[in-house]
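# Coordinate inspection notes
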Amino acid sequence: MNTRAEPPIDPNRPSAARIADLFLGGTHHFASDRAVAARAIELVPETPAIARANRGFLRRAVKYAAGRGIRQFLDLGSGIPSANNVREAARDVAPDARVVHVDLDPTAVLYARHQLADDPRAAAVHGDLLRPAALLDEPEIRDLLDLDQPVAVLLSSVLHFLPDGPALDAALATYREAATPGSVLAISHVTPGDHTDLTERFTALYNRTETPLTPREPAAVERLFAGWRLVEPGLVYCPQWRPDPEDDEPLSDLALFVTLGGVGEK
Ligand SMILES: C[S@@+](CC[C@H](N)C(=O)[O-])C[C@H]1O[C@@H](n2cnc3c(N)ncnc32)[C@H](O)[C@@H]1O
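Residues numbered from 1 in each chain as written. Predicted model: local features only at pLDDT ≥ 70, side-chain atom pairs only at ≥ 80, totals over all residues. Heavy atoms only, no water.

The protein carries the name SAM-dependent methyltransferase in an unreviewed UniProt entry, which gives Actinoplanes flavus as its organism.

## As for unusual backbone geometry
So the rule is basically this: Strands are runs of DSSP state E lasting at least two residues, helices are runs of H or I lasting at least four, and both sets are numbered from the N terminus onward. Relative accessible area decides the class of each residue, using a 1.4 Å probe on protein chains only: under 20% of the type maximum gives buried, over 50% gives exposed, and in between gives partly exposed.
Following glutamate 232, the chain continues into proline 233 via a peptide bond in cis, with omega recorded as 5°. Summarising the element assignment, proline 233 is placed in the loop between strand S6 (229-230) and strand S7 (236-237). The phi angle at serine 157 is positive, at roughly 55°, despite the residue not being glycine. Summarising the element assignment, serine 157 is placed in the loop between strand S4 (152-156) and helix H8 (166-178). The residue arginine 242 is not glycine, and still its phi comes out positive at about 40°. Here arginine 242 is to be found in the loop between S7 and helix H11 (253-256). Taking relative accessible area as the criterion, arginine 242 reaches 35% and is therefore assigned partly exposed.

## Some remarks on helix H3 (residues 47-67)
Our working rule: By this rule the span expected of a helix is its residue count minus one, scaled by 1.5 Å.
Relative to the 30 Å expected for 21 residues at 1.5 Å per residue, H3 spans 30 Å between its end C-alpha atoms, a close match to the ideal helical length. Counting buried residues in H3 gives 18 out of 21 residues, a clear majority hidden from the surface.

## Observations concerning the site of the ligand
Heads up, the condition is: It suffices for a single heavy atom of a residue to lie within 4 Å of a molecule or strand for the residue to be listed as near it. Here a polar contact is taken to be a pair of N or O atoms separated by no more than 3.5 Å, where protein atoms must pair a possible hydrogen donor with a possible acceptor and residues adjacent in sequence count only if both atoms sit in side chains. Computed with a 1.4 Å probe, the accessible areas rest on the Shrake-Rupley method; for each residue, only the protein chains presented here act as cover. Three classes are used, and their members are as follows: Ala, Val, Leu, Ile, Met, Phe, Trp, Tyr, Cys and Pro are nonpolar, Asp, Glu, Lys and Arg are charged, and the others, Gly among them, are polar.
Of all residues adjacent to the ligand, which total 19 residues, the nearest are Arg55, Gly77, Asp103, Asp128 and Ser156. Interatomic distance of 2.8 Å between a backbone N/O atom of glycine 77 and a nitrogen atom of the ligand. The separation between a nitrogen atom of the ligand and a polar main-chain atom of leucine 104 is 3.3 Å. In isolation the ligand exposes 600 Å². Once the protein is present, 95% of that is buried. Counting only elements with at least two residues in the shell around the ligand, the list comes to helix H1 (16-23) and H3. Grouping the constituent residues of the shell around the ligand by class yields 7 nonpolar, 8 polar and 4 charged.

## Focus: the side chain of threonine 191
Worth spelling out the cut-off: Throughout, a contact is declared for two residues whenever any of their heavy atoms are within 4.5 Å.
The residue threonine 191 is located in the loop between strand S5 (184-190) and helix H9 (196-206) in this model. On the basis of relative accessible area, threonine 191 is assigned to the buried category, the value being 3%. Here the side chain of threonine 191 touches arginine 216 through a polar contact of 2.7 Å, landing on its backbone oxygen. Beyond its immediate chain neighbours, meaning those up to four positions away, threonine 191 contacts Arg216, Glu217, Pro218, Tyr237, Phe257, Val258 and Leu260.

## A closer look at the packing of aromatic side chains
Applied cut-off: Any two rings among Phe, Tyr and Trp, with Trp reduced to its six-membered ring, count as a pair given centres within 6.5 Å; such a pair is stacked if its planes are under 30 degrees apart, edge-to-face if over 60, and tilted if neither. Our definition puts a charge over a ring when NZ of Lys or CZ of Arg is within 6 Å of the ring centre and also within 35 degrees of the ring normal.
Tallied over the entire structure, the rule returns 3 aromatic pairs. Aromatic side chains tyrosine 64 and tryptophan 241 sit 5.9 Å apart centroid to centroid with 85° between the ring planes, which places their arrangement in the edge-to-face category. With tyrosine 64 in helix H3 and tryptophan 241 in the loop between S7 and H11, this pair connects stretches of sequence that are 177 residues apart. Consider the rings of phenylalanine 161 and tyrosine 206, whose centres lie 5.7 Å apart with planes at 50°: the pair is tilted. Taken together, the positions of phenylalanine 161 in the loop between S4 and H8 and tyrosine 206 in helix H9 put the pair 45 residues apart, joining distant regions of the chain. As far as the burial class goes, phenylalanine 161 and tyrosine 206 line up, both buried. Clustering of aromatic rings is evident, with ring pairs tying together Phe57, Tyr64 and Trp241. Taking NZ or CZ as reference, arginine 242 lies 5.2 Å from the ring centre of tryptophan 241, over its face.

## As for the pattern of salt bridges
The criterion, for reference: Whenever Lys or Arg places a side-chain nitrogen within 4 Å of a carboxyl oxygen from Asp or Glu, that contact is recorded as a salt bridge.
Applying the stated rule across the entire model yields 11 salt bridges. Among the salt bridges present, the one from arginine 18 reaches aspartate 33, with a minimum N-O distance of 2.6 Å. With a gap of 15 residues between them, arginine 18 in helix H1 and aspartate 33 in helix H2 (residues 31-43) connect regions that are remote in the sequence. Comparing arginine 18 with aspartate 33, the two get one shared label, buried. A salt bridge links arginine 71 to aspartate 96; the nearest nitrogen and oxygen atoms lie 3.6 Å apart. Of this pair, arginine 71 sits in the loop between H3 and strand S1 (72-76) while aspartate 96 is found in the loop between helix H4 (86-93) and strand S2 (98-103), placing the two residues 25 residues apart along the sequence. A residue is classified by how much of its surface remains accessible, and arginine 71, at 27% relative accessible area, is partly exposed.

## Re the environment of isoleucine 80
Topologically, isoleucine 80 is positioned in the loop between S1 and H4. For isoleucine 80, a relative accessible area of 1% puts it in the buried group. Apart from the residues within four sequence positions on either side, isoleucine 80 is in contact with Ala17, Arg18, Asp21, His28, Arg55, Ala108 and Tyr111.

As structure tokens, this is what we get:
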């Protein structure tokens, strides 16, 4: 069990992790989060369905990795691991799977630590994925993950909160170099598509949180996989990535063409 002091939480500052939890039907959110979520739903009533479609992609990507024999998962920008979370998906295939959730948001880490209190094969780490050297040196990560063995690096719905620049490039290069051949990288990412006006309004909304939004065009998202070989069907909209009847929720074109997903192998 983790005995470290939890970092402080500011309920007045809306948080992407808690807003995502609200969209996914969770209960870990405050009035400040509900105000942003309500405005997002006003702009696009299907926003919760978009969040569910993203978690569906994440679940299928995790199962794909577990099906390839991967037994360790580094969930970067994990949010609050509630509905359809990485641990459940991995252990459906591999009950011995080890999972580390990492998030910058103290709320996500706090709730994850509560959920994981009795789970010796999982941990939640408070950290910035843009500081990979410090992160990979965290005792919980060193204890749980053996980077001489293949690992699934998960960047689900998080890179669109990080601006382009040397910090992001260097971080992605570090995870790529740390991952042994046979490892997997999964990314889901918001893209403007034909809805640039809407994306701009969403971006303005998330500028009120600790993590402003940086939607990227598909070519820019594909570049985030540099050094990884995209597996079939490549980078597609999340619901189109190896669809599964379990995630078969009807979506309008607006909701369907919002988030890209892909899995790369090393
Ligand atoms: C929309 S949530 C995604 C949660 C989950 N991965 C999913 O796909 O449902 C994005 C999460 O990324 C976290 N985040 C943003 N920037 C981060 C960073 N630099 N390092 C770690 N986590 C970060 C936020 O705090 C938030 O919990």
